[in-house]
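Remarks on the overall topology
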Amino acid sequence: MAKDENLPLFATKLAKGRILFQFYSLLIFVGICFIFVYRLSHIPAKKEPGRWAWMGLFFSELWFSFYWFVTTVVRWNPIYRNTFKDRLSHRYEKALPGIDIFVCTADPVIEPPVMVISTVLSVMAYDYPPEKLSVYLSDDGGSDLTFYAMLEASRFSKIWLPFCKKFKVEPRSPEAYFRTAVEPLGEPVMAKDWSTVKLYEDMKKRIENTTKLGRISEEISKEHKGFNEWIFVASRRDHQTILQILIDGRESEAMDIQGQTLPTLVYLSREKRPRYHHHFKAGAMNALIRVSSRISNSPIILNVDCDMYSNNSMSVRDALCFFMDEEKGNEVGFVQFPQAFENLTKNDVYSSSLNVLMELEMPGFDGNGGPCYIGTGCFHRRETLSGQKYSKIYKADWKRWINRSVEDSTSVLEETCKVLASCSYEENTQWGKEIGLKYDCAVEDVLTGIAMQCRGWRSIYFTPERKGFLGVAPTTLLQSLVQHKRWSEGDFHIFASRHCPFVLGYKKIPLKLQLTYCMNLLWAANCLATLYYVIVPSLCLLRGISLFPEITNSWVLAFVFVIIVHRAYSLGEFVWFGGTFKGWWNDQRMWLYKRTTSYFFGFLDYILKRLGFTNSAFVITTKVAGDDVSQRYEQEVMEFGTSSPMFTILATLALLNAICFVSGLKRVIADVETLVWEKFALHILLCGLLVFINLPIYQGLFFRKDVASLPTSVTYQSTMFALLACAIAVY
């Protein structure tokens, strides 16, 4: 027994097969060196045509090589964790700490109340002592419709939670569970309870009908005193703090149908006034940190997006294995779970799965010093969010948190906590700077994570066998591109500021972790080299200028070797982590689309903001889609359907390469006797590859007639721009 007391609560293991990766990296490095030797030894003379194009291509390849080096650093030493929850239960079952769970929503139209409460119910139903769970919803939309849904959820939880625990239901989101569950006709015990929990469908219908109506009926408004708060609401951007404790876990009435205690459930819509900046999600999280410190003040905080429901009821216990480990637990600041999605198609048409990122690169982060904080599915130690620095003498006192109790009544707590979520509370304080989540950045999560690591805290990345959380991936191309535009802009803002890991993290975090962060922080900067490689070689083919070695020249082997080996390894890696060949091809397409549009506009917006021409704006990715959009998504038909500068760029590049490809083939056929094809073989290969990868664009421009095709205006604009570019290149 004593021996068991000394065993760790988690184990760390190195990834297998790294020798193969290291050998592959060495081969690519040698190939890159030969390419650079060729570039430097074959620079065109000063007056020779194509000199500047050659130099530009060389600098683009330098950038690609640097970025390849960064990704190699990330992938060099990935580590994986596994937990021992049985040991945790054996030692600490009666002394488990409280958990505060934050769920954030911002718009009842884009993020429907039914989806929000499914997430809320899923985290209320964790396999954990309910009296130690407190769930907080931050409603930045200030919607009485969302409040009504929460009220319904508080009632349904009395039925749902005991059902989940009695039959060990997974997942514990009612929406996700009933989507796939089959009525247990052959199990009389479960069938009896089944008819009760199916009341969820009635509740769902009531909420959806009220949401469609767009207002709360007079009858519903009499059901709870909280609806009176909306009498004083001018608009979603101009209202007082609305705080309602829907379930107070301390009260004797807070019981489910089996007499077990229910988790505390709190609705919060922080105060908003036009003259105050509300700082988007970061501001909402900071308000929750303050309010929860007064109501429950649990030592561990989990935050999830409203579409990211709990898919694994044991996630809390998994996270505690890291925080409560006797040897290494005290240094752990946060535990990050992977971001995964439930609505992915077989071949992942928009490359939303992030499988390689989550299954390989994030463990690489962990191996180099700790993963970044990605804004959802993350367990935090409360002290880290309060700005506290790690000290080697720090030791968590779990008993201090367990013995703490609040004497105030529910109504008193509701009133006294409102000031903590007021607009003026943060004035002349360190909130958003040294305390809480960081402000003034589109990716406040990444910035906050870096700051925590620089204060000495260790972060952990954990991938359980059963995904901890499942969310909703974008179902249209534009949604995906806009989402990545915001991420890339925010990441580049960090890199170009005093919060850059090389500056803020100097002598505070390992150099390899500083380099690792560059993989994401330099997404936006990738646009320049990619756009150059997509445009210039094609135009040079049109003009008859060669930028690559002839096919009979031995130098061509270096280019061919790097291309084949690099892409072959990429394909093998993608398939290894659960993808398909077509999924990999879709991933290559989205890689190109994101670099030439999302990252370009992210980079451009950052420059314009630095010059004072634009302001920050937070764009919420819609979590719902119409039936026709969903049908095309499931059929893996690319969705356009609207005019956008991003689509104009994609279409222009696609048409430009098509024109240059046809021109190149024409040149080869016309001059077949002079063996022109030997000179332009790599040009034609590159151009043809770009044409092939852009087939969905051509279909959207010329062949599709549905509402999701590219608009006529985009066709006209892109054709004009492509012809203009070709004309300038030729003449």
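Further up the page is the structure itself.
Numbers given for residues are sequential positions, taken from 1 along each chain in its written order. Since the coordinates come from a predicted model, pLDDT governs what is reported: local features require at least 70, and pairs of side-chain atoms require 80 or more to be given and counted, while whole-chain, interface and lining totals use all residues. Excluding hydrogens and water, the side-chain figures rest on all heavy atoms present in the structure.

**Structural notes on the overall build of the protein chain**
A run of DSSP states H or I qualifies as a helix once it reaches four residues; a run of E qualifies as a strand once it reaches two. Both are numbered from the N-terminal end. Of regular secondary structure, the protein chain possesses 28 helices and twelve strands. The quantity called the radius of gyration is restricted to C-alpha atoms. Its globule counterpart is 2.2 Å times the number of residues to the power 0.38. In terms of overall size, the protein chain behaves like a compact globule, its C-alpha atoms giving a radius of gyration of 28 Å where 731 residues would be expected to give roughly 27 Å. The principal-axis extent of the C-alpha atoms belonging to the protein chain is close to 95 × 65 × 60 Å. Only protein chains enter the accessibility calculation, which uses a 1.4 Å probe; a residue whose area is less than 20% of its type maximum is buried, one above 50% is exposed, and one in between is partly exposed. Relative to its full complement of 731 residues, the protein chain shows a buried share of 59%. Of the roughly 32000 Å² of accessible surface on the protein chain, a fraction of 60% belongs to carbon and sulfur atoms. The positive count covers Lys and Arg only, the negative count covers Asp and Glu only, and His and the chain ends enter neither. Each charge is placed at NZ for Lys, CZ for Arg, CG for Asp and CD for Glu. A distance of 6 Å separates the average location of the 80 positive side-chain charges in the protein chain from that of its 73 negative side-chain charges. Exposure was quantified through the Shrake-Rupley algorithm and a 1.4 Å probe, taking into account, for residues, occlusion by the shown protein chains and nothing else.

**A look at the pattern of salt bridges**
When the charged atoms of two side chains with opposite charge come close together, those side chains can pair. Take a side-chain nitrogen of Lys or Arg and a carboxyl oxygen of Asp or Glu: if they are within 4 Å of each other, that pair is a salt bridge. In total, this model carries 35 salt bridges according to the counting rule given. Between Glu201 and Lys198 there is a salt bridge, with the nearest N and O atoms lying 3.8 Å from each other. Judged by relative accessible area, which is 31%, Glu201 ranks as partly exposed. What makes Lys198 partly exposed here is its relative accessible area of 30%.

**What to know about the packing of helix α11 (residues 280–295) against helix α16 (residues 410–418)**
Axes, fitted as lines to C-alpha atoms, cover a helix only where it is in contact. Angles between the N-to-C directions of the axes lie from 0 to 180 degrees. At a minimum axis separation of 10 Å, α11 and α16 run at an interaxial angle of 145°. Relative to α16, α11 is oriented so that their crossing is right-handed. Packed against α11, whose contacting residues are Val291, Arg294 and Ile295, the element α16 presents Leu413, Thr416 and Cys417 at the interface. Split by residue class, the contact of α11 with α16 holds four nonpolar, one polar and one charged. Two helices that cross are described as forming a left-handed crossing if the nearer one is turned anticlockwise from the farther one by less than a right angle, and a right-handed crossing if clockwise. Residue contacts are counted whenever heavy atoms from the two residues lie within 4.5 Å of one another. Put simply, Ala, Val, Leu, Ile, Met, Phe, Trp, Tyr, Cys and Pro go in the nonpolar bin, Asp, Glu, Lys and Arg in the charged bin, and everything else, Gly too, in the polar bin.

**Digging into the sheet that holds strand β4 (residues 133–139)**
With mixed pairing, the eight strands of this open sheet are ordered in space as β5-β6-β4-β3-β7-β10-β9-β11. Only two strands of the sheet have a single partner each, and these edge strands are β5 (242–247) and β11 (458–461). Direction aside, the axes of adjacent strands within the sheet are offset by 20° on average. Docked against the sheet, α11 engages β3 (99–105), β4, β5, β6 (264–269) and β7 (300–305), running at close to 150° with respect to β3. Strands qualify as paired when DSSP identifies two bridges or more between them.

**Considering the packing of helix α2 (residues 18–41) against helix α22 (residues 556–576)**
Interaxial distance between α2 and α22 falls to 9 Å at its minimum, and their mutual angle equals 150°. Taken together, α2 and α22 sit at an angle that is classed as roughly antiparallel. Both α2 and α22 take part in a crossing whose hand is left-handed. Residue-level contacts link Phe21, Tyr24, Leu27, Ile28, Gly31, Ile32, Phe34, Ile35, Tyr38 and Arg39 of α2 to Ala558, Phe559, Phe561, Val562, Val565, His566 and Tyr569 of α22. Angle categories: roughly parallel below 35 degrees, roughly antiparallel above 145, roughly perpendicular from 65 to 115, and oblique for all the rest.

**As for the nonpolar core**
To form a nonpolar core, buried Ala, Val, Leu, Ile, Met, Phe, Trp, Tyr and Cys residues must be joined to one another through side-chain atoms within 4.5 Å. Within the largest apolar cluster, 115 residues are counted, with the highest numbers of intra-cluster contacts made by Val120, Tyr126, Trp160, Leu320, Phe323, Val335 and Phe379. The biggest single contributor to this core is helix α6 (residues 144–167), with 13 residues. The contacts of Val120, once residues within four sequence positions are left out, are Val103, Val135, Leu137, Met150 and Leu265. In terms of nonpolar packing, the next biggest core, distinct from the first, is built from 66 residues, Tyr533, Phe559, Phe601 and Cys687 among them.

**Describing the environment of Gly367**
Relative to the assigned elements, Gly367 resides in helix α13 (residues 355–367). Note on Gly367: relative accessible area 15%, which makes it buried. Between the alpha carbons of Gly367 and Gly333 there is a distance of 16 Å; along the sequence they are 34 residues apart. With sequence-adjacent residues up to four places away left out, Gly367 is seen in contact with Asn77, Ile79 and Lys512.

**With respect to a nonpolar patch on the surface**
Surface patches are drawn from residues lacking salt bridges whose relative accessible area is over 30%; two like charges belong together within 9 Å, two nonpolar side chains (Val, Leu, Ile, Met, Phe, Trp, Tyr) within 5 Å. Taken together, Phe23, Leu26, Phe29, Val30 and Phe34 make up a surface patch of nonpolar side chains, about 500 Å² in accessible area. Note that Phe23 resides in helix α2.

**Some thoughts on the packing of aromatic side chains**
Where two aromatic rings form a pair, the distance of their centres and the angle of their planes describe that pair. Note on ring pairs: Phe, Tyr and Trp rings are taken, using the six-membered ring of Trp, and paired if centres are within 6.5 Å. Classes follow the plane angle, with under 30 degrees stacked, over 60 edge-to-face and the rest tilted. Throughout the structure, instances matching the rule amount to 49 aromatic pairs. Measuring from centroid to centroid gives 4.8 Å for Phe10 and Phe322, while their planes differ by 50°, and the two rings are tilted. On the criterion of sequence distance, the pair formed by Phe10 in strand β1 (residues 10–14) and Phe322 in helix α12 (residues 315–323) is long-range, its members being 312 residues apart. The exposure class of Phe322 is buried, given its relative accessible area of 0%. Ring-pair connections join several aromatic residues into one group, and the members of that group are Phe156, Trp160, Phe163, Phe167, Tyr177, Phe178, Trp194 and Tyr200. Cation placement over rings: the criterion is NZ of Lys or CZ of Arg within 6 Å of the ring centroid and within 35° of the ring normal. Across from the ring centre of Phe84, 3.9 Å away, lies the NZ or CZ of Arg87, which sits over that ring. The positively charged end of Arg290 is found above the aromatic ring belonging to Trp431, 4.7 Å away from the centroid.

**Some thoughts on α16**
Within the sequence span of α16, burial applies to Thr410, Leu413, Glu414, Cys417 and Lys418. All buried residues of α16 project into a common sector of 125° when viewed along the axis, lining one side. Taken from the helix axis, the directions to the C-beta atoms give the arc we talk about.

**Some remarks on the state of the cysteines**
Note on terminology: pairs of cysteine sulfur atoms within 2.5 Å are recorded as disulfides. Using the criterion set out here, one finds zero disulfides in the structure. Sulfur of Cys518: no disulfide; nearest cysteine sulfur belongs to Cys500 and is 6.2 Å away. Residue Cys518 is classed as buried on the basis of its relative accessible area, which comes to 1%.

**Some thoughts on unusual backbone geometry**
Omega for the bond connecting Glu170 with Pro171 falls within 30 degrees of zero, at -5°, which places this linkage in the cis form. Relative to the elements of secondary structure, Pro171 occurs in the loop between α6 and α7 (174–180). Phi at Phe280 is positive, roughly 55°, even though this residue is not glycine. By the element assignment, Phe280 lies in helix α11.

**Section: the environment of Arg273**
Looking at the element boundaries, Arg273 is found in the loop between β6 and α11. Residue class for Arg273 comes out partly exposed when judged on its relative accessible area of 28%. Arg273 sits 151 residues away from Ser424 along the chain, and the two C-alpha atoms are 9.8 Å apart. Setting aside chain neighbours within four positions, we find Arg273 in contact with Arg237, Asp238, His239, Gln240 and Cys423. Separated by 3.0 Å, the side chains of Arg273 and Glu271 make a polar contact. Pairing of N or O atoms within 3.5 Å defines a polar contact, subject to two protein rules: one partner must be a possible hydrogen donor and the other a possible acceptor, and residues neighboring in sequence count only if both atoms are side-chain atoms.

**Structural notes on the side chain of Glu229**
On the secondary structure map, Glu229 appears in the loop between α10 (218–221) and β5. Since its relative accessible area comes to 14%, Glu229 is described here as buried. Once residues within four sequence positions are removed from consideration, Glu229 is found in contact with Gln240, Thr241, Ile242, Gln244 and Lys418.

**Thoughts on the side chain of Ser598**
Take Ser598: it is sitting in helix α23 (residues 581–610). Ser598 gets classed as buried once you look at its relative accessible area, which sits at 0%.

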